[in-house]
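Spelled out from the first residue to the last, the chains are:
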Amino acid sequence: MKARVAVISGSSRGIGKAIAIELAREGYQVVVNYHKAKQGAEEVLNQIQAEGGTGIIVGADVSSSAGAQQLIDAATNSFGQIDVLVNNAGINKDQLMLKIGDKEWQQIIDSNLGSAFYCSRGALKNMVRKRYGRIISISSIVGLEGNAGQAHYAAAKSGLLGFTCSLAKEYGRRGITANLVAPGYIQTDMTAALNEVQRAHIAEGIALGRLGTPDDVAGVVAFLASPRADYINGAVIRVDGGLSSM
Ligand code: NAP
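Residues numbered from 1 in each chain as written. Predicted model: local features only at pLDDT ≥ 70, side-chain atom pairs only at ≥ 80, totals over all residues. Heavy atoms only, no water.

Q: Before we go on, may I ask you to explain the site of the ligand in this structure?
A: Surveying the vicinity of the ligand reveals 33 residues, the closest of which are Arg 13, Ala 37, Asn 88, Tyr 153 and Thr 188. The contact in question runs from an oxygen atom of the ligand to an N or O atom on the backbone of His 35, over 2.8 Å. Take Asn 88: an N or O atom from its main chain is 2.7 Å from an oxygen atom of the ligand. If the ligand stood free it would expose 890 Å²; the protein chains cover 95% of that surface. Split by residue class, the shell around the ligand holds 13 nonpolar, 15 polar and five charged. (Near = heavy atom within 4 Å. Polar contact = N/O pair within 3.5 Å; in protein donor to acceptor, adjacent residues only side chain to side chain. Areas by Shrake-Rupley, 256 points an atom, 1.4 Å probe, with all protein chains shown as cover. Nonpolar A, V, L, I, M, F, W, Y, C, P; charged D, E, K, R; others polar.)

Right under this line is the structure:
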């Protein structure tokens, strides 16, 4: 059987990088996507190939319809199919509600929510034809609970919840599942601006006493992509070390 194909938006760094490497280890042919960090994407692919895996890198800005389609087209042109789509690309720009400009609002919505819509729409056409697909989107606990200074980011991440549940209902009968992963605080460039005092304070509020790693999230995504998760559809899995349940 031909190895399955996984497309991971925004996989040049952080959580997306860990997901791409993990899925390659599981035997997927992976499509590593970057927007600005081409060198990062090349390093991810080098690591995958050094471990015996296969993949390609695709530069595309998935916050636009055309960019996302470019990513999907590159995947199907290279491998003929898409089995797993991970909607991981995202950005945040913390700002108080009253200071969020129209441009910032749109940018955050397009990058975190629009990208998932554009990529999923493109990938679904291929998935529907072969009646198999796994769509896994990376939300955030902020999308489930809100956070001061992140109204735009929270709105986009919350939008992924309704989006995912709708896909789950619309495409379940065609063998396609859609699920959401909601990380808490994960150590990546996105949280790099936190100083030691802030980090210690956050860790105190997490039941497991530490921030998460990209691998903590990647393992859950690999599980959701695997046959062991075939009956999981429309679910939200929090990966936050017990932060939100405290
Ligand atoms: P990160 O280290 O800042 O990496 C973000 C990744 O997304 C990069 O590979 C970046 O690519 C890519 N990206 C951003 N905009 C893009 C676009 N328009 N088109 C294509 N790629 C784009 O962030 P991270 O922490 O790994 O976050 C990954 C996902 O997890 C995001 O959706 C984030 O909201 C979510 N999340 C993170 C945390 C956390 O604590 N870190 C918590 C909850 C949820 P380039 O570098 O090439 O531009």
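Still more ground to cover, so stick around.
Q: Whenever I open this one, the nonpolar core confuses me. Can you help?
A: In summary, soluble globular proteins display a tendency toward joint burial of nonpolar side chains. Ile 19, Leu 23, Val 30 and Val 181 are the most contacted members of the largest nonpolar core, which totals 31 residues. Elements that contribute at least two residues to this core include exactly strand S1 (5-8), helix H1 (14-25), strand S2 (29-34), helix H2 (38-50), strand S4 (84-87), strand S5 (133-138) and helix H8 (214-225). Counting residues in hydrophobic clusters, the runner-up holds 28 residues, among them Val 62, Ala 116, Leu 160 and Ala 168. (Core = buried A, V, L, I, M, F, W, Y, C linked by side-chain atoms within 4.5 Å. Buried < 20%, exposed > 50% of the residue type's maximum accessible area, 1.4 Å probe, protein only. Helix = DSSP H or I, 4+ residues; strand = E, 2+ residues; numbered from the N terminus.)

Q: Explanation requested: the environment of Asn 126 in the structure shown.
A: Along the chain, Asn 126 falls in helix H4 (residues 102-130). Through-space distance from the C-alpha of Asn 126 to that of Thr 76 is 8.2 Å; in sequence the pair is 50 residues apart. In this structure, Asn 126 is in contact with Thr 76, Gly 80, Gln 81 and Ile 82, ignoring residues within four places of it in sequence. (Contact = heavy atoms within 4.5 Å.)

Q: Explain the packing of aromatic side chains to me, please; I cannot follow it from the model alone.
A: Describing an aromatic ring pair means giving the distance of the ring centres and the angle of the ring planes. Within the structure shown, the criterion is met by one aromatic pair. Ring geometry for Phe 117 versus Tyr 118: centroids 5.5 Å apart, planes at 55°, classification tilted. The positively charged end of Arg 4 is found above the aromatic ring belonging to Tyr 132, 3.9 Å away from the centroid. (Phe/Tyr/Trp six-rings, centres within 6.5 Å; stacked < 30°, edge-to-face > 60°. Lys NZ or Arg CZ within 6 Å of the ring centre and 35° of its normal.)

Q: Explanation requested: the sheet that holds S4 in the structure shown.
A: Pairing between the strands of a sheet comes from backbone hydrogen bonds, and it takes one of two forms, parallel or antiparallel. Strands sit in the order S3-S2-S1-S4-S5-S6-S7 across an open sheet of seven strands; the sheet is parallel. Since the sheet does not close on itself, it has two edges, and those belong to strand S3 (54-59) and strand S7 (236-239), each with one partner. This sheet shows a mean twist of 15° between the axes of neighbouring strands, independent of strand direction. Here S2 pairs with S3 via six bridges, running parallel. Its bridge partner lying in S3, Val 30 is registered against Gly 55. The strands touched by H2 within the sheet are S2 and S3, with S3 carrying the most contacts at an inclination of about 175°. (Pairing = 2+ DSSP bridges. Axes fitted to C-alpha atoms, helices over the stretch in contact; angles between N-to-C directions.)

Q: What is the right way to read the packing of H4 against helix H6 (residues 151-171) from this model?
A: A pair of packed helices is characterised by two quantities: the angle between their axes and the separation of those axes. Packing of H4 against H6 brings their axes to within 8 Å, and their N-to-C directions diverge by 15°. Comparing their axes, H6 and H4 come out roughly parallel. Both H4 and H6 take part in a crossing whose hand is right-handed. Contacts between H4 and H6 pair Glu 104, Trp 105, Ile 108, Ile 109, Asn 112, Leu 113, Ala 116, Phe 117, Ser 120, Leu 124 and Val 128 from the former with Ala 151, His 152, Tyr 153, Ala 155, Ala 156, Lys 157, Gly 159, Leu 160, Phe 163, Leu 167 and Tyr 171 from the latter. Taken together, the residues that form the contact of H4 with H6 break down as 16 nonpolar, four polar and two charged. (Parallel < 35°, antiparallel > 145°, perpendicular 65-115°, else oblique. Left-handed = near helix turned anticlockwise from the far one by under 90°.)

Q: What exactly am I supposed to notice about the side chain of Thr 164 here?
A: By secondary structure assignment, the location of Thr 164 is in helix H6. When its relative accessible area of 2% is taken as the criterion, Thr 164 is described as buried. At 2.7 Å, the side chain of Thr 164 and the backbone oxygen of Leu 160 are in polar contact. Setting aside residues up to four positions removed in sequence, Thr 164 forms contacts with Ser 137, Ala 178, Asn 179 and Leu 180.

Q: Before we go on, may I ask you to explain the state of the cysteines in this structure?
A: Counting across every chain of the model gives zero disulfides. Free of any disulfide, Cys 119 has its nearest cysteine sulfur in Cys 165, 19 Å distant. (Disulfide = S-S within 2.5 Å.)

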